2 protein chains.
Amino acid sequence: MADLPGLLRGAVADERLALARLLTAIENDAPGLRELLPQLFAAGRGGHLVGITGPPGSGKSTLVNALTDEWRRRGQRVGIVAVDPSSPYTGGAIMGDRIRMMAHAADRDVFMRSMASRGELGGIAAATWMAAAALDAAGYDPILIETVGAGQSEIEIARLAETTVVVEVPEMGDEVQAIKAGLLEVADLLVVNKGDRPGADLAARHLRAMLSTAGGRIGRKPPPIMLTTATSGEGVAALADAIEAHRSVARSPQEAPARARNQVRRALAELALRRASQHRAWDSTLQSVSDGELDPFMAAERLLGEDDMA
Amino acid sequence: MADLPGLLRGAVADERLALARLLTAIENDAPGLRELLPQLFAAGRGGHLVGITGPPGSGKSTLVNALTDEWRRRGQRVGIVAVDPSSPYTGGAIMGDRIRMMAHAADRDVFMRSMASRGELGGIAAATWMAAAALDAAGYDPILIETVGAGQSEIEIARLAETTVVVEVPEMGDEVQAIKAGLLEVADLLVVNKGDRPGADLAARHLRAMLSTAGGRIGRKPPPIMLTTATSGEGVAALADAIEAHRSVARSPQEAPARARNQVRRALAELALRRASQHRAWDSTLQSVSDGELDPFMAAERLLGEDDMA
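Here the structure is a predicted model, which is why all the values come from computation and not from measurement.

### Considering the overall build of chain A
Alright, step 1. Of regular secondary structure, chain A possesses 14 helices and seven strands.
Alright, step 2. Residues counted as buried form 50% of the 310 residues belonging to chain A.
Alright, step 3. Here the analysis covers contacts within chain A between residues at least 6 apart in sequence; of these, 74% occur between residues at least 24 apart.

See the structure below:
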């Protein structure tokens, strides 16, 4: 069994191997992890938690590389948690990301960790959150959480961040924009990447029009839209500035409560599932639901009850 | 305070007004609802729960109308729960659905209810589930749960169904298909609607190729792909047949356990949030998270603890 407090102390002292082993323990939900949580979060240094999400093909990973270069030029140490989607459909794109990130492999001040989804019981959101906390304790700032915005869990994970950047591609028409409404709603900053392509300005204008129409209804200011060309680096410094500027907005009394509520909601779902799955009646209760003898909400009541804990 | 057991008895006796009032009580999370649940689910008649979801512009609501016509010709009584998305971006599309469904307003054997999202604490999935149970108790079969597949909660709701139908539009290229991977994964049946448009066959072929590539990796047979033209009714009878055929698949020992697990997971999240929000330390705990003094997972532990319940 790993000495988790020891690994945490090592990570705080900037020992890469200790940090790597701590992240592995987090990914594997190692015994003792739950007991470590108070120390882990107490060790946090207030690094800026930035979520970056976007569809496959948006050039998101190239953009993350370019942003990392920019932050390194500014003397910042960059932590990256890349969440592999559980989806087999998008697995290919993510593997490409991993290979590209090797560009920073020799840089001691960039730490990248890929987290694989461990299925519904594993709690990928919780693991991602703890991994980001570990990078924070190790002094990385900003800490990027990179996801492929294809599925609900990726959006949920992006929402855990303080600043959520959604990357769009210019080729997409109106119909597609509507599909991505769920993504647009969680965006603090919208990036239209590949700014050198012909459709980019038009796509940005479309987005602006759509957001200003909807802005009144959602009762908040539409997010800024930025154009970048990740391959040439154009617009990347401005994006880094905008992300930095949003840090204080995210921590303001106007924004922080809603984010906290969402984070707690997500954590409650994870915790409830974890507790229920340890209940001694878990298997038999699932069987009853599967057989149509018990509805899921009664089942949940039974599994979250105070009695009969395993 | 409404006499909920009385309303349930009325609904079971096919009194439309009682059913309507019961659904309102469910939507409003009326006092006594929780106590009614065992009776509500015990009154179920085993109606087929069918989720239909798809992006705005897919012609989904026209398709639901055409399916309803088909089932009525077959002598079935059709219950429909239409979930209004919380998204302000897609609100317009849904309002259009409501107006179109007026086509069946005079038919006593079609009961449609629109459920508005009541925000994160309200538990729209729980309310949708209970509404479907009420329609089941009133003898409707199938019971459709209709959502706009734009956001995570809509996908989650669709997944509660026994048979999930995902409606696609033929115009979309490869890039878009990848975005919708999350939707494709929950599909038991895939429909390419507007089959008379030039791109429809090509879109169906694209989908088939993509699914057969991914099929081995997800370890299950790719869902059937069907072409429909909802406006002319072409392909609608075949779709109704396919939905009916999936009923026994969904209830088989091969499929039922996974669905049950997902349903219980969703119910656990709802219940945990409901309990936590009744905890007397709810406000102060959220404040601590908002102030950065407490992480969300410690907060969840505190709020789901057995002590200090309000």
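### Focus on the packing of helix H12 (residues 256–277) of chain A against helix H12 (residues 256–277) of chain B
Alright, step 1. With their axes 8 Å apart at the nearest point, H12 of chain A and H12 of chain B run at an angle of 120° to one another. The hand of the H12 of chain A/H12 of chain B crossing is right-handed. Together, Arg265, Leu268, Ala269, Leu271, Ala272, Leu273 and Ala276 of chain A of H12 of chain A and Arg265, Leu268, Ala269, Leu271, Ala272, Leu273 and Ala276 of chain B of H12 of chain B make up the contact between the two elements.
Alright, step 2. Looking at the contact of H12 of chain A with H12 of chain B residue by residue, the classes come out as twelve nonpolar, no polar and two charged.

### Some remarks on unusual backbone geometry
Alright, step 1. Put simply, Asp141 of chain A and Pro142 of chain A share a cis peptide bond, and its omega is 5°.
Alright, step 2. Summarising the element assignment, Pro142 of chain A is placed in the loop between helix H6 (124–137) and strand E4 (143–148).
Alright, step 3. Look at Asp29 of chain B: it is not a glycine, yet its phi comes out positive at around 50°.
Alright, step 4. Turning to its location among the elements, Asp29 of chain B is positioned in the loop between helix H2 (16–27) and helix H3 (33–42).
Alright, step 5. What makes Asp29 of chain B partly exposed here is the crowd of 16 C-beta atoms within 10 Å.

### So, helix H14 (residues 296–303) of chain A
Alright, step 1. Those residues of H14 of chain A that sit buried are Pro296, Phe297, Ala299, Ala300 and Leu303 of chain A. In an axial view of H14 of chain A, the angular spread of the buried residues amounts to 155°, which keeps them on one side of the axis.
Alright, step 2. Buried residues along H14 of chain A sit against H12 and helix H13 (282–290) of chain A together with H3, helix H6 (124–137) and H12 of chain B.

### Concerning the pairing of strand E1 (residues 49–54) of chain B
Residues and elements named next belong to chain B.
Alright, step 1. Buried residues dominate E1, accounting for six of its six residues.
Alright, step 2. Side chains Leu49, Gly51 and Thr53 of E1 all project onto a buried face; the interleaved residues Val50, Ile52 and Gly54 project onto the opposite face, where all are buried too.
Alright, step 3. Relative to strand E5 (residues 163–168), E1 runs parallel, the two being bridged by four bridges. If you follow Thr53 over to E5, its bridge partner there is Val166.

### Let's talk about H6 of chain A
Residues and elements named next belong to chain A.
Alright, step 1. Between its first and last C-alpha, H6 extends 20 Å over 14 residues, near the 20 Å set by a 1.5 Å rise per residue.
Alright, step 2. Of all 14 residues in H6, 14 are buried, a share of seventy percent or more.
Alright, step 3. Backbone geometry just after H6 places Gly139 at a positive phi near 90°.

### Structural notes on the nonpolar core
Nonpolar side chains in soluble globular proteins tend to be buried together.
Alright, step 1. Of all hydrophobic cores here, the largest spans 164 residues; its most connected members are Ala134 and Leu268 of chain A together with Ala134 and Leu268 of chain B.
Alright, step 2. With sequence-adjacent residues up to four places away left out, Ala134 of chain B is seen in contact with Ala11, Leu19, Leu22, Leu23, Ile26 and Leu40 of chain B.

### As for the confidence of the model for chain A
Residue and element names in this part refer to chain A.
Alright, step 1. On average, residues of chain A score 79 in pLDDT, and 74% of them reach the 70 mark or higher.
Alright, step 2. In the model of chain A, helix H8 (residues 174–179) stands out as the element of lowest mean pLDDT, 42, in contrast to helix H1 (residues 4–12), which has the highest, 97.
Alright, step 3. The low-confidence segment residues 86–97, where pLDDT is below 50, has 28 contacts with residues more than four positions distant or belonging to other chains.
Alright, step 4. Ignoring residues within four places in sequence, the model shows residues 173–179, a span with pLDDT below 50, making 18 contacts including any to other chains.
Alright, step 5. Scored as a complex, the prediction yields pTM 0.69 and ipTM 0.71.

### Topic: the packing of helix H1 (residues 4–12) of chain B against H2 of chain B
All names here are of chain B.
Alright, step 1. Where H1 meets H2, the closest approach of the two axes is 8 Å, and the angle between their N-to-C directions is 135°. Taken together, the axes of H1 and H2 are oblique relative to one another. Note on packing geometry: the crossing formed by H1 with H2 is left-handed. Counting all contacts with H1, which are made through Leu4, Leu7, Leu8, Gly10 and Ala11, the residues of H2 involved are Ala18, Leu19, Arg21, Leu22 and Ala25.
Alright, step 2. Along the lines of polarity and charge, the residues of the contact of H1 with H2 split into eight nonpolar, one polar and one charged.

Here is what the cut-offs are and how they apply
- Residues numbered from 1 in each chain as written.
- Chains lettered and ligands numbered in written order.
- Predicted model: local features only at pLDDT ≥ 70, side-chain atom pairs only at ≥ 80, totals over all residues.
- Helix = DSSP H or I, 4+ residues; strand = E, 2+ residues; numbered from the N terminus.
- Buried ≥ 20, exposed ≤ 12 C-beta atoms within 10 Å, placed from the backbone.
- Contact = placed C-beta atoms within 7 Å.
- Axes fitted to C-alpha atoms, helices over the stretch in contact; angles between N-to-C directions.
- Left-handed = near helix turned anticlockwise from the far one by under 90°.
- Nonpolar A, V, L, I, M, F, W, Y, C, P; charged D, E, K, R; others polar.
- Arc of directions from axis to C-beta.
- Pairing = 2+ DSSP bridges.
- Expected span 1.5 Å × (residues − 1).
- Core = buried A, V, L, I, M, F, W, Y, C linked by C-beta atoms within 7 Å.
- pLDDT = per-residue confidence, 0-100.
- Parallel < 35°, antiparallel > 145°, perpendicular 65-115°, else oblique.

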